[in-house]
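Summary of the model geometry
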Amino acid sequence: MPDKPTRSSLPGLPTRHNRRRLRTRIVLSFFLLGLGLSTLIAVATLYFRNRIDHDVMDAALQKNNDLYADGFYQHPNGIAGVAFEKIQGKVFSKEKFDHAPQAWQSLPNGVFDIVEPAAVTGEKSYYKLAVRKDPNYWFFLAYDTHDEHEAQLRLNRWILASIGVFSISALIIGIWSASRVMSPVSDLVRLIRRRSGEGANAKALAPRFPNDEVGELARALDDYSDRINDAARREREFNADVSHELRTPLAVIRSTVELMLEQPDLSDKMRERILRIQRAQEGGTAITETLLLLSRGERIRGETSVARVAEQLLDAHRLQMRRGKQLDLRMEGNTALMVDAPEATVNVALGNLIANAVRYTDAGSVTVHIGADSVDVIDTGRGLSEEDEQRMVERGYRGDASSNTKGAGIGLAIVTRICALYGWQMQVRPRRDGTIGTVATLSFSEVR
């Protein structure tokens, strides 16, 4: 068993991960939706606008360049170059191909986007160039797109600004919507927290909410609360019944045993049997009181000598083993150790560890070593398997070494609950000194 018990995952439930609050997720969803839609609309707008502009302009330039070439062939001396407001046409004969601009000479037929520094200012010049190269003549028609380029830049800036406006608007709408959506849930949480201090007299939640999802949740919580209160009521009644029905017969057994032990003519065999009954009665009283404390979650203070309890437990096992297996049961260490807990609680916690050691040890010894603030129960028994170490404190688990022994497998589970109530720690591990066996340690965090 590991040094400190760990809580295993519940079957059927997903592993818990860190997640944002529901309100934050709603706001973030609205923001991402607004940002995504705005971006898609902007990208689509730019794409189709550019596509249409390019197609229309390319077709117009190609058509005008062809008309320009046809007009030149019809009147070769009448056209030396046509200049419009933003369009300029040039033609070069075969003998003057090298007079064409250097960037145009290597271009094939078609329409091209050209970016080059302006001759005077040095700023970038943007234009479209339609090219038609015949064997004897090259025809070029250039369209200045500088204004269109500047307009495109302004459009891009406006679209980016609109994306920001739409995203902020979506964020504001998301915050408002999240507040409206989460308001009933927040009210439900506030009522539940207030209700936790009212106990069984708390008012129902469902009548305070409309017949919607939150109302369904409130009704489910009311039903769950009713079941918990009913279970708590039954537990309180059971505790009261146990307190009355078990303590009374145990007290009768105790008084009867004390009277029987006062008889002067008891044989040794009969005295031994009566002492065993007395030990069983004391153990039953201790476990009854301890289980009642655990069921109520009450932490009772006390002043208990660990050495005295350990010696009593070892004496009880010595009596039980007189006709069974022979083990060396001994106690050593700090006999002055005192624990702030009832003797019955220490008896149950330490008694389960000693009982397990005796039960699973066929030969050798069981040693109770009392330290400064802890007790070690060391045996030479059958040891622990790897699975036993992992599952030792599970309620009802009985390890590989328990096949020929009696027991329900709840002793260490009870000790674990006692440790949780009093802040103690329990550890069961194999011996590491070369000897087969087990070491069970009970550490007291509050020692006097």
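Residues numbered from 1 in each chain as written. Predicted model: local features only at pLDDT ≥ 70, side-chain atom pairs only at ≥ 80, totals over all residues. Heavy atoms only, no water.

Looking now at the packing of aromatic side chains. Within this structure, the stated rule accounts for 8 aromatic pairs. When the ring of phenylalanine 92 is compared with that of phenylalanine 140, the centres are 6.0 Å apart and the planes differ by 70°; the resulting orientation is edge-to-face. Taken together, the positions of phenylalanine 92 in strand β1 (residues 87–93) and phenylalanine 140 in strand β4 (residues 137–144) put the pair 48 residues apart, joining distant regions of the chain. Given a relative accessible area of 11%, phenylalanine 92 falls into the buried group. Taking the relative accessible area as the measure of exposure, phenylalanine 140 reaches 1% and is therefore buried. Taken together through their ring pairs, the aromatic side chains of Phe92, Phe97, Trp104, Tyr127, Trp138 and Phe140 make up a single cluster. If you follow lysine 133 out to its NZ or CZ, it ends over the ring of tryptophan 138, 4.2 Å from the centre. (Phe/Tyr/Trp six-rings, centres within 6.5 Å; stacked < 30°, edge-to-face > 60°. Helix = DSSP H or I, 4+ residues; strand = E, 2+ residues; numbered from the N terminus. Buried < 20%, exposed > 50% of the residue type's maximum accessible area, 1.4 Å probe, protein only. Lys NZ or Arg CZ within 6 Å of the ring centre and 35° of its normal.)

Attention now goes to the nonpolar core. By size, the foremost hydrophobic cluster in this structure holds 43 residues, and its most contacted members are Trp424 and Leu442. If you look at the next biggest cluster of nonpolar residues, it comprises 12 residues, including Phe92, Leu107, Val131 and Trp138. (Core = buried A, V, L, I, M, F, W, Y, C linked by side-chain atoms within 4.5 Å.)

Strand order in the open sheet formed by 5 strands is β6-β8-β9-β11-β10, with mixed pairing between adjacent strands. Taken across any chain shown, the strands that pair with only one partner, and hence form the sheet edges, are β6 (327–333) and β10 (425–430). Each adjacent strand pair in this sheet contributes to an overall mean axis angle of 10°, direction not counted. In the sheet, β10 pairs with strand β11 (residues 438–443) via 6 bridges, with the strands oriented antiparallel. Residue pairing for β11: glutamine 427 is matched across the bridge by threonine 441. Contacting β6, β8 (364–370) and β9 (374–379), helix α6 (residues 306–320) crosses the sheet at an angle of about 175° to β6. (Pairing = 2+ DSSP bridges. Axes fitted to C-alpha atoms, helices over the stretch in contact; angles between N-to-C directions. Contact = heavy atoms within 4.5 Å.)

Here helix α3 (residues 146–195) is 50 residues long and its end C-alpha atoms lie 72 Å apart, about the 74 Å a rise of 1.5 Å per residue gives. Where α3 bends most, the angle comes to about 40°, and this point is methionine 182, followed within four residues by the proline proline 184. For α3, every residue scored as buried is listed here: Gln152, Ile159, Ile163, Ser167, Ala170, Gly174, Ser177, Ala178, Met182, Leu188, Leu191 and Arg195. (Expected span 1.5 Å × (residues − 1). Bend = angle between axes of the 7 residues up to and from the residue.)

Here the largest pocket is characterised by a volume of approximately 1,000 Å³. Secondary-structure elements contributing two or more residues to the lining of the largest pocket are α4 (213–261), α5 (268–296), α6 and α7 (343–359). At 12 residues, α5 tops the list of elements feeding residues into the lining of the largest pocket. Among the residues forming the lining of the largest pocket, the class breakdown is 12 nonpolar, 12 polar and 10 charged. (1 Å grid on protein atoms, 1.4 Å probe; cavity = no way out; pocket = protein on both sides within 12 Å on 5 of 7 lines; lining within 4 Å. Points joined across faces, edges and corners; volume = space filled by probe spheres on them. Nonpolar A, V, L, I, M, F, W, Y, C, P; charged D, E, K, R; others polar.)

Reading across from one edge, β1-β4-β3-β2 is the order of the 4 strands in this open sheet, with antiparallel pairing throughout. Edge positions in the sheet fall to β1 and β2 (110–117), since each of these pairs with one other strand and no more. Looking at each pair of strands side by side, their axes are set apart by 25° on average, direction ignored. Across 8 bridges, the pairing between β2 and strand β3 (residues 124–133) is antiparallel. Opposite valine 115, over in β3, you have tyrosine 126 as the bridge partner.

Taken as a whole and judged by the stated rule, the model has 12 salt bridges. In this structure, arginine 301 and aspartate 340 form a salt bridge, with 2.7 Å as the shortest nitrogen-oxygen distance. Of this pair, arginine 301 sits in the loop between α5 and β5 (304–305) while aspartate 340 sits in the loop between β7 (338–339) and α7, and the two are 39 residues apart along the sequence. Judged by relative accessible area, arginine 301 falls into the exposed class, the value being 66%. By relative accessible area, aspartate 340 is classed as buried at 9%. (Salt bridge = Lys/Arg side-chain N within 4 Å of Asp/Glu carboxyl O.)

Assignment of secondary structure puts arginine 431 in the loop between β10 and β11. Of note is the side chain of arginine 431, whose polar atom sits 3.1 Å from the backbone oxygen of aspartate 379. Setting aside residues up to four positions removed in sequence, arginine 431 forms contacts with Ile378, Asp379, Thr380, Ile436, Gly437, Thr438 and Val439. (Polar contact = N/O pair within 3.5 Å; in protein donor to acceptor, adjacent residues only side chain to side chain.)

Turning our eyes to something else, we now look at a nonpolar patch on the surface. Together, Leu33, Leu37, Leu40 and Ile41 make up a nonpolar patch on the protein surface, roughly 420 Å² of accessible area in all. Structurally, leucine 37 is set in helix α1 (residues 22–74). What makes leucine 37 partly exposed here is its relative accessible area of 45%. (Patch = residues over 30% accessible without salt bridge, like charges linked within 9 Å, V, L, I, M, F, W, Y side chains within 5 Å. Areas by Shrake-Rupley, 256 points an atom, 1.4 Å probe, with all protein chains shown as cover.)

The element β4 is largely enclosed, with a buried count of 6 among its 8 residues. Relative to β4, β1 runs antiparallel, the two sharing 7 bridges. Following the sheet pairing, glutamine 88 is matched in β4 by alanine 142. Taken together, the 7 bridges between β3 and β4 define a ladder with antiparallel strand orientation. Across the sheet, lysine 128 pairs through a bridge with tyrosine 143, a residue of β4. Taking the residues between adjacent antiparallel strands as the criterion, β3 and β4 are bridged by 3 residues.

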